[in-house]
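Next come the chains, spelled out residue by residue.
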Amino acid sequence: EPEVTQTPSHQVTQMGQEVILRCVPISNHLYFYWYRQILGQKVEFLVSFYNNEISEKSEIFDDQFSVERPDGSNFTLKIRSTKLEDSAMYFCASSDGGPGKDGYTFGSGTRLTVV
Amino acid sequence: QKEVEQDPGPLSVPEGAIVSLNCTYSNSAFQYFMWYRQYSRKGPELLMYTYSSGNKEDGRFTAQVDKSSKYISLFIRDSQPSDSATYLCAMSRMYSGGGADGLTFGKGTHLIIQP
């Protein structure tokens with residue numbers, strides 16, 4: 001069964017450093033997303049990406065965040081200057097028809113720890 | 001009032017019991033309703049997807065949506081210990097075609113099926 005692949009599975013970084021989280025969505029999917037889940041809290045939407053541009057972003061997705069699809073297979077989330085409160089699980093997801101078709105396929109996540 | 005409310009549990013039931021999980025929501029614009037299962041430190045896995053009101057059945061799982069009450073349910077029949085996980089409800093607005101709306105999640109209900 002096709003899956004969304006995320007690397008690394010765990011990233012530890014110093015506060016103020018830049019991190020790039022990587023995702024390989026399912027190959028025929030057109031819509032890509034990033035979500036985060038702070039420990040013990042709900043999964044929160046960050047951003048959606050379609051046709052090489054951001055479709056929607058939440059209030060969490062401020063200027064320190066950016067996304068990119070640098071080639072035909074990867075989808076990345078960059079956090080420019082990490083803060084302690086950025087520590088969370090970050091999930092990438094992809095879909096072939098937007099959220100209303102068959103839901104999304106989520107990756108297993110990258111656990112980001114900011115120290 | 002939070003947009004999506006879900007009792008975090010834990011909900012503990014004996015093997016073979018019928019499990020009822022539910023969420024309430026406040027945003028009448030939500031049209032797509034999903035249930036995800038999440039194991040510890042893993043990404044959410046889609047279980048059921050429903051558009052607008054009505055029921056949907058898939059094996060031991062039944063999803064119900066009552067838009068007039070802004071209430072959705074997931075029933076699990078003949079529950080198994082392997083069903084022990086956190087169950088997340090998620091929903092989104094009408095897919096606009098030009099973009100992709102993010103999902104709004106409930107906090108998740110931690111379900112324990114006792115052998």
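Whatever comes next refers back to the structure up there.
Just so you know, these numbers come straight off a predicted model, no measurement behind them. (Residues numbered from 1 in each chain as written. Chains lettered and ligands numbered in written order. Predicted model: local features only at pLDDT ≥ 70, side-chain atom pairs only at ≥ 80, totals over all residues. Heavy atoms only, no water.)

Undergrad: Explain the nonpolar core to me, and be specific about the residues and the numbers.
TA: If you look at soluble globular proteins, the nonpolar side chains tend to sit buried side by side. Ranked by internal contacts, the top residues of the largest apolar core, which has 24 residues, are Trp35(B), Ile72(B), Leu74(B), Ile76(B), Tyr87(B) and Met91(B). Those elements giving two or more residues to this core turn out to be strand 3 (19–25), strand 4 (30–38), strand 5 (45–51), strand 7 (61–66), strand 8 (71–76), strand 9 (85–93) and strand 11 (109–114) of chain B. Listed in part, the 22 residues of the second largest apolar core include Cys23(A), Trp34(A), Val47(A) and Ile79(A). (Core = buried A, V, L, I, M, F, W, Y, C linked by side-chain atoms within 4.5 Å. Buried < 20%, exposed > 50% of the residue type's maximum accessible area, 1.4 Å probe, protein only. Helix = DSSP H or I, 4+ residues; strand = E, 2+ residues; numbered from the N terminus.)

Undergrad: Give me the lowdown on the state of the cysteines, citing residues and values where you can.
TA: Per the stated rule, a full pass over the model turns up two disulfides over all chains. Across the disulfide from Cys23(A) sits Cys92(A); the S-S distance is 2.0 Å. On the sign convention where negative means left-handed, the S-S torsion of about -65° between Cys23(A) and Cys92(A) marks this disulfide as left-handed. A residue pair is termed long-range when its members are at least 10 positions apart, and Cys23(A) in strand 3 (residues 19–24) and Cys92(A) in strand 9 (residues 88–95) qualify at 69 residues. One exposure class covers both Cys23(A) and Cys92(A), and it is buried. In this model Cys23(B) forms its disulfide with Cys89(B); the gap between the sulfur atoms is 2.0 Å. Given an S-S torsion of about -105°, the disulfide between Cys23(B) and Cys89(B) has left-handed geometry. Of this pair, Cys23(B) sits in strand 3 while Cys89(B) sits in strand 9, and the two are 66 residues apart along the sequence. Residue Cys23(B) is classed as buried on the basis of its relative accessible area of 0%. (Disulfide = S-S within 2.5 Å.)

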